[in-house]
Every structure is written in C-alpha cells, then in structure tokens.
Amino acid sequence: MEIKRICVLYFSPTGGTERIARYVAGELAKRLGLEPEYIPFTKPGEREKERRFGPADLLVMASPVYAGRLPNKIMPEYRAKIIGDSTPALPLCVFGNRSPDEALRELVLLLEDNGFRPVGGGAFAGRHAFSDEVGEGRPDEEDFVQMADFAARIADKLAGEALPPLEVDRGEIGPYYTPLKRDGTPAKFLKAKPLTHWKKCSRCGACARACPMGSIDPETMDAVGLCVKCQACVHKCTRQAKYFEDADFLSHVAMLERNYTRRAENQILL
C-alpha cells in the first residue's frame, strides 16, 4: 500500500510520550521516505478541533497510560476528535514502568471504532510521572533498539499489498488499576491537587501554561479545576515550587518506589 503522509498525534503532559512517539515515527519515516507531521493534542486549545485522516495517511497515535488504561478524562476527546477513513494507524502507549495493562488494546479498539486500521502497536516503558526512581533512565539504549526494530517491521508490513486485521482480543476492556498505598490498601487521591511553595514561586505562569486541563489560574497559580495528576505543573515549574502533599498520593508513590524499580518489559503487537 502507498502511504503519502505520516501524522504523529500525541497527548504528552510531561514530554515522555512525545519523545517516544517522535522516535518511533522518525524511524518509520526514514524507511518510508517521508517527513512526519507532528500534531500535539495536549493543551486544551490543541484538542478543540476535529482531526480527520484519509486512506493514504498513516496515523501514529501516542498516549500515556493512566492507571492501566487510556486517560479517562481525555478519552471523550480521543473518540470525538480523531477520525479516520480506512486509515492505517500505529497506536503507541507509554507507561511508567509498572504495566501497560489494558491501555494498548484499548487504543487499538478505539482506533478501529473511529475508522482506522491498526497495523500493529507498542507499549513502551518510560520514567513514571510520579517519581524519578520508577523507570529511571527509560527509555534506554535497549528500548531504542527495540523501537527501531519495531518500526522496521511495521514498514515492511505497510509495504505489502494487503493489510489484514490485527489479531487482538476484542472483548470488554478491564477496569482501571486501583492505586495502592504502602500497606496494600487502596490509595484514594482523586481530589488531590498541586500546592505551591510561595517563597519559591516567581509567578511566571509556567505551571498554568503546562496544565493540559487548563486548571491552574494564571493569575494566582492555584489549581482551580480538574486535576488528572499528570504532574506537568510539577515538572515544568522553573523554581520547583509545585508539589503534592496528599497523604494517600505520597503513600502510593512510596509503594511504586518500593515495588516497581525493576525493568519492565515493553509490549509489542504485530
């Protein structure tokens, strides 16, 4: 089949998903002789308009994994705004060194429902947004080698005449992962929001500009809306002034640091 355009769409509050999406798409583009077109889908304004793709396009769609699935507050926009027309697609998920769980399969099925033809898929480990110790150094050299090989195999598949349906379980998607505290009981931090060390804060507004939900007041730097715990405000703050102090959230982070510093395996679907 002939691919005339590679479009790379990503939701990436802290940049990890974008990095992996760009690498895989870049390796794929070299083999197809095309220049990727990058489409950020992270900020509220970037998610306003509908994105449509045709049969000669290849959509590389990348999403972070939240609690073992796609981000539940972004899912409605994935469904409503990303539309294909028998468009080949390559779904990518990036997980924080714990597990991709159901996220990759969920993205495959979502794309199929939206008019795309998935040609494969990958879930790759990255550093966890909650802790530098969980997934430290991921993706590493071994990951990039695996991504390059994955891209080569996808390019070979696209060079064929036919594109058979991807072999994947099309049953019901399982529940979201329940975050746990250090003692193994459920960690309940849905209402947790970032706080500010005011002596450190310069009122630069970096946190407000980084928030993918538009939930930080650019005048006061206070979290005034829905928080998806993406940590964009924490990571993008120029003065290290943003932090979380919710007890359940901190206990969950401690549990992750105790149990998930081992090297998680990537998941490849071909």
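Just above sits the structure.
Heads up: these notes are all about the structure in this document. Just so you know, these numbers come straight off a predicted model, no measurement behind them.

## Here's the deal with unusual backbone geometry
Then comes step 1: Cis geometry is found at the peptide bond from R138 to P139, where omega equals -5°.
Then comes step 2: The residue P139 is located in the loop between β8 (121-125) and α4 (141-158) in this model.
Then comes step 3: Positioned with a positive phi, S86 is a non-glycine residue whose angle comes to about 55°.
Then comes step 4: Overall, S86 belongs to the partly exposed group, its relative accessible area being 40%.
Then comes step 5: At M221, a residue that is not glycine, the phi angle is positive and equals roughly 70°.

## Considerations on helix α1 (residues 16-32)
Then comes step 1: For α1, with 17 residues, the first-to-last C-alpha span of 24 Å sits near the 24 Å given by 1.5 Å per residue.
Then comes step 2: Turning to α1, its buried residues number three or more, namely T17, I20, A21, V24, A25, E27, L28 and A29.
Then comes step 3: Looking at the buried positions of α1, the neighbouring elements they touch are β1 (5-10), β4 (57-64), β6 (87-95), β8 and α4.

## Description of the packing of α1 against α4
Then comes step 1: Between α1 and α4, the shortest axis-to-axis distance is 9 Å and the interhelical angle comes to 45°. On the basis of the axis angle, α1 is oblique to α4. Where α1 crosses over α4, the two elements pack in a sense that is right-handed. Contacts between α1 and α4 involve R19, I20, Y23, V24, E27, L28, R31 and L32 on the former and, on the latter, F144, M147, A148, F150, A151, A152, I154, A155 and L158.

## Here we look at the nonpolar core
Then comes step 1: In terms of nonpolar packing, the biggest core is built from 32 residues, with L59, Y78 and I82 touching the most fellow members.
Then comes step 2: Mapped onto this core, the elements with two or more residues apiece are β1, β4, α2 (75-81), β6, α3 (103-113) and β8.
Then comes step 3: When residues in this core are grouped by element, the largest group, seven residues, is from α3.
Then comes step 4: Counting residues in hydrophobic clusters, the runner-up holds 26 residues, among them I3, I20, L58 and M147.

## With respect to the side chain of D57
Then comes step 1: Along the polypeptide, D57 turns up in strand β4.
Then comes step 2: On the basis of relative accessible area, D57 is assigned to the buried category, the value being 10%.
Then comes step 3: A polar atom in the side chain of D57 sits 2.9 Å from the side chain of R5.
Then comes step 4: At 2.8 Å, the side chain of D57 forms a polar contact with the backbone nitrogen of G54.

## Thoughts on the pattern of salt bridges
Then comes step 1: The final tally for this structure, using the stated rule, is 19 salt bridges.
Then comes step 2: D57 is paired through a salt bridge with R5; the nearest N and O atoms lie 2.9 Å apart. Within this pair, whereas D57 is found in strand β4, its partner R5 is found in strand β1, the two being separated by 52 residues in sequence.
Then comes step 3: The class for R5 is partly exposed, based on a relative accessible area of 29%.
Then comes step 4: A salt bridge links E112 to R170, with the nearest nitrogen and oxygen atoms 2.7 Å apart. Placement of E112 in helix α3 and of R170 in the loop between α4 and β9 (195-196) is noted, with a sequence separation of 58 residues between them.
Then comes step 5: According to the relative accessible area criterion, E112 is partly exposed, its value standing at 26%.
Then comes step 6: Linked by salt bridges that have partners in common, R138, D140, E142, D143 and R263 make up one network.

Conventions adopted
Residues numbered from 1 in each chain as written. Predicted model: local features only at pLDDT ≥ 70, side-chain atom pairs only at ≥ 80, totals over all residues. Heavy atoms only, no water. Helix = DSSP H or I, 4+ residues; strand = E, 2+ residues; numbered from the N terminus. Buried < 20%, exposed > 50% of the residue type's maximum accessible area, 1.4 Å probe, protein only. Expected span 1.5 Å × (residues − 1). Contact = heavy atoms within 4.5 Å. Axes fitted to C-alpha atoms, helices over the stretch in contact; angles between N-to-C directions. Parallel < 35°, antiparallel > 145°, perpendicular 65-115°, else oblique. Left-handed = near helix turned anticlockwise from the far one by under 90°. Core = buried A, V, L, I, M, F, W, Y, C linked by side-chain atoms within 4.5 Å. Polar contact = N/O pair within 3.5 Å; in protein donor to acceptor, adjacent residues only side chain to side chain. Salt bridge = Lys/Arg side-chain N within 4 Å of Asp/Glu carboxyl O.

This is a description of form; function is not addressed.
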